[in-house]
Amino acid sequence: MKVNRFGRAEIPIPNYYQLKPSCRQPQRAMLPTMTLKKSLLQEIEEMPEDFLPEIWKFIEYLKYKQQQNQLETPLLSESALAKDWSTLSEDQAWQDL
């Protein structure tokens, strides 16, 4: 078993790109008994205080990135849906509302 720089045993996590396309989402059965979240929390607790601001910034970045993806999806689909929405029959159907 591999040991990380803090002397703790590394937990094997399946590589996303080595999985078959049909199972790109790692399943719970593939994860070790200690969950990934618990492993991350343990690693953060063992990190030196100097690293914590950088970890915090990275977490904030991931939240921002997720939020941007959620906002972007409706905007990207709008142009595709506009073909169906921008018709005379649609305008007539919605004119009384």
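The residue numbers shown here count from 1 along each chain, following its written sequence. Confidence filtering applies because this is a predicted model: local features only for residues at pLDDT of at least 70, side-chain atom pairs given and counted only at 80 or more, and all residues used for totals across whole chains, interfaces and linings. The side-chain quantities take in all heavy atoms of the structure and omit both hydrogens and water.

**Some words on the overall build of the protein**
Alright, step 1. Here a helix means four or more residues in a row that DSSP labels H or I, a strand means two or more in a row labelled E, and each is numbered from the N terminus. When its secondary structure is counted, the protein shows three helices and zero strands.
Alright, step 2. Taken from the N to the C terminus, the helices and strands of the protein come in the order α-α-α.
Alright, step 3. Throughout, exposure labels follow a simple rule: accessible area from a 1.4 Å probe, protein chains only, divided by the maximum for the residue type, with under 20% read as buried, over 50% as exposed, and the rest as partly exposed. Within the protein, buried positions represent 4% of all 97 residues.
Alright, step 4. On the protein, roughly 9200 Å² of surface is accessible, and the fraction owed to carbon and sulfur atoms is 58%. Each accessible area is a Shrake-Rupley estimate made with a 1.4 Å probe; only the visible protein chains count as cover when residues are assessed.

**What to know about the pattern of salt bridges**
Alright, step 1. Within this document, salt bridges are pairs made up of a side-chain nitrogen of Lys or Arg and a carboxyl oxygen of Asp or Glu, the two lying within 4 Å of each other. Here the structure, examined in full by the defined rule, presents one salt bridge.
Alright, step 2. Between E60 and K63 there is a salt bridge, and its shortest N-O distance comes to 3.8 Å. Placement of both E60 and K63 in helix 2 (residues 52–85) is noted, with a separation of three residues, approximately one turn of the helix.

**Concerning the packing of aromatic side chains**
Alright, step 1. Each Phe, Tyr or Trp ring (for Trp, its six-membered ring) is paired with any other whose centre lies within 6.5 Å, and the angle between the two planes then decides the class: stacked below 30 degrees, edge-to-face above 60, tilted in between. Counted by the stated rule, this structure contains one aromatic pair.
Alright, step 2. With centroids separated by 6.3 Å and ring planes inclined at 35°, the aromatic side chains of F58 and Y61 adopt a geometry described as tilted. Remark: Y61 and F58 occur in helix 2; sequence separation between them is three residues, near one turn of the helix.
Alright, step 3. A relative accessible area of 49% places F58 in the partly exposed class.
Alright, step 4. Using a relative accessible area of 44% as the deciding quantity, one classes Y61 as partly exposed.

**Remarks on the confidence of the model for the protein**
Alright, step 1. On average, residues of the protein score 75 in pLDDT, and 69% of them are at 70 or above.
Alright, step 2. By definition, pLDDT measures how confident the predictor is in each residue, and it falls between 0 and 100. When mean pLDDT is taken per element in the protein, helix 1 (residues 36–46) scores highest with 89 and helix 3 (residues 88–94) scores lowest with 80.

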